[in-house]
Amino acid sequence: KEAEELYKGLKKSGDIKEQQFGANSTTTVFGAVDVNNKTSESISIKKLLNASPDYKTVTKDKPYVLIYHTHTTEGYELLDKGWYSNRYNSRTEDSRKNMVRVGDELAKELEDAGYKVIHDTNVYDKSYNGAYARSLVSVEKYLKEYPSLVLTLDVHRDAIHYDNGTRSKPTAVINGKKAAQVMIISGCEGDGVEDFPHWKENLTFAVHLQNSVEESYGGPMR
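Note that the coordinates shown come from a computational prediction; the quantities given were computed from them, not determined experimentally. (Residues numbered from 1 in each chain as written. Predicted model: local features only at pLDDT ≥ 70, side-chain atom pairs only at ≥ 80, totals over all residues. Heavy atoms only, no water.)

## Observations regarding helix α3 (residues 99-112)
In step 1: If you check α3, its first and last C-alpha atoms are 20 Å apart, about what 14 residues at 1.5 Å a residue would give, namely 20 Å.
In step 2: Of all the residues in α3, the buried ones are Met99, Val100, Gly103 and Ala107. One side of α3 carries all its buried residues, which in axial view fall inside an arc of 90°.
In step 3: If you follow the buried residues of α3, they end up packed against β4 (63-68) and β6 (116-119).
In step 4: Between the side-chain oxygen at the start of α3 and the backbone nitrogen of valine 100 there is a gap of 3.0 Å, and the oxygen is on asparagine 98. (Helix = DSSP H or I, 4+ residues; strand = E, 2+ residues; numbered from the N terminus. Expected span 1.5 Å × (residues − 1). Buried < 20%, exposed > 50% of the residue type's maximum accessible area, 1.4 Å probe, protein only. Arc of directions from axis to C-beta. Contact = heavy atoms within 4.5 Å. Polar contact = N/O pair within 3.5 Å; in protein donor to acceptor, adjacent residues only side chain to side chain.)

Here is the structure:
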């Protein structure tokens, strides 16, 4: 009701288009895995699926996963309306409505599965410029303090804007409910990026994760 009252006073600025992204918007497809490769590095999804991700020692008595949010204040439309107003700013430091809320849920699921999780709720984008440099400082501190950490997950909200003013909402229907599609961004060495020696381990993990999710649910991975 609070959100409905808010939107009553807002004027429509453009449409929000609901889309489900999949193989038709990627460059490389194998089985349930779609990869949009924007680098000059060639990859084989089949080879990556046949490889085993290097998880090191899976520790459930020490912190194993770090969740953080470089763009902490990224938020959401409060109602599923199909349009947006430029007068409404979805960025907020309210941790009930921004990426911290998403991280809380992800941390809970992992902890319920028996893993110890560190959820960093610091706000890094009070000033948008320099956010990645600030979050990197914290990540490096966590890795030094907790050598048991294996996965660091920088969780963002997606946002797609088209030139005609339309915005896109990537969604899939899972078990009868609409869910935001998930995109994993995995970088690589080359194309100007240096000192990234273990990037293929990240990509191997990402491909196995996408494959597992798609085989279980079908559709949520962008």
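## A closer look at helix α4 (residues 131-145)
In step 1: Counted at 1.5 Å a residue, the expected span for α4 with its 15 residues is 21 Å, and the 22 Å between its end C-alpha atoms agrees.
In step 2: Residues Ala131, Ser135, Ser138, Val139 and Tyr142 constitute the buried set of α4. All buried residues of α4 lie within an arc of 100° about the axis, which places them on one face of the element. Away from the buried face of α4 by more than 90 degrees, exposed residues Lys141 and Lys144 are located.
In step 3: In this structure, the buried residues of α4 make contact with β4, β6 and β7 (151-154).

## Structural notes on unusual backbone geometry
In step 1: Even without being a glycine, asparagine 175 presents a positive backbone phi close to 50°.
In step 2: Examined against the element boundaries, asparagine 175 turns out to sit in the loop between β9 (167-174) and β10 (177-180).
In step 3: Even without a glycine there, the phi angle at aspartate 195 is positive, about 55°.
In step 4: Within the secondary structure layout, aspartate 195 lies in the loop between β10 and α5 (199-217).

## Things to note about the sheet that holds β4
In step 1: Here three strands make up an open sheet; going across it, the order is β6-β4-β7 and the pairing parallel. Each end of this open sheet is capped by a strand with a single partner; those strands are β6 and β7. Strand-to-strand twist of the sheet, defined as the mean angle between neighbouring strand axes without regard to direction, takes the value 20°.
In step 2: The sheet contact formed by β4 and β7 spans four bridges and is parallel. Across the sheet, the residue bridging to isoleucine 67 is leucine 153, located in β7.
In step 3: Along the sheet face, α3 touches β4, β6 and β7 and points at about 170° away from the line of β6. (Pairing = 2+ DSSP bridges. Axes fitted to C-alpha atoms, helices over the stretch in contact; angles between N-to-C directions.)

Note that every value here comes from positions in space, so none of it alone points to a role or purpose.
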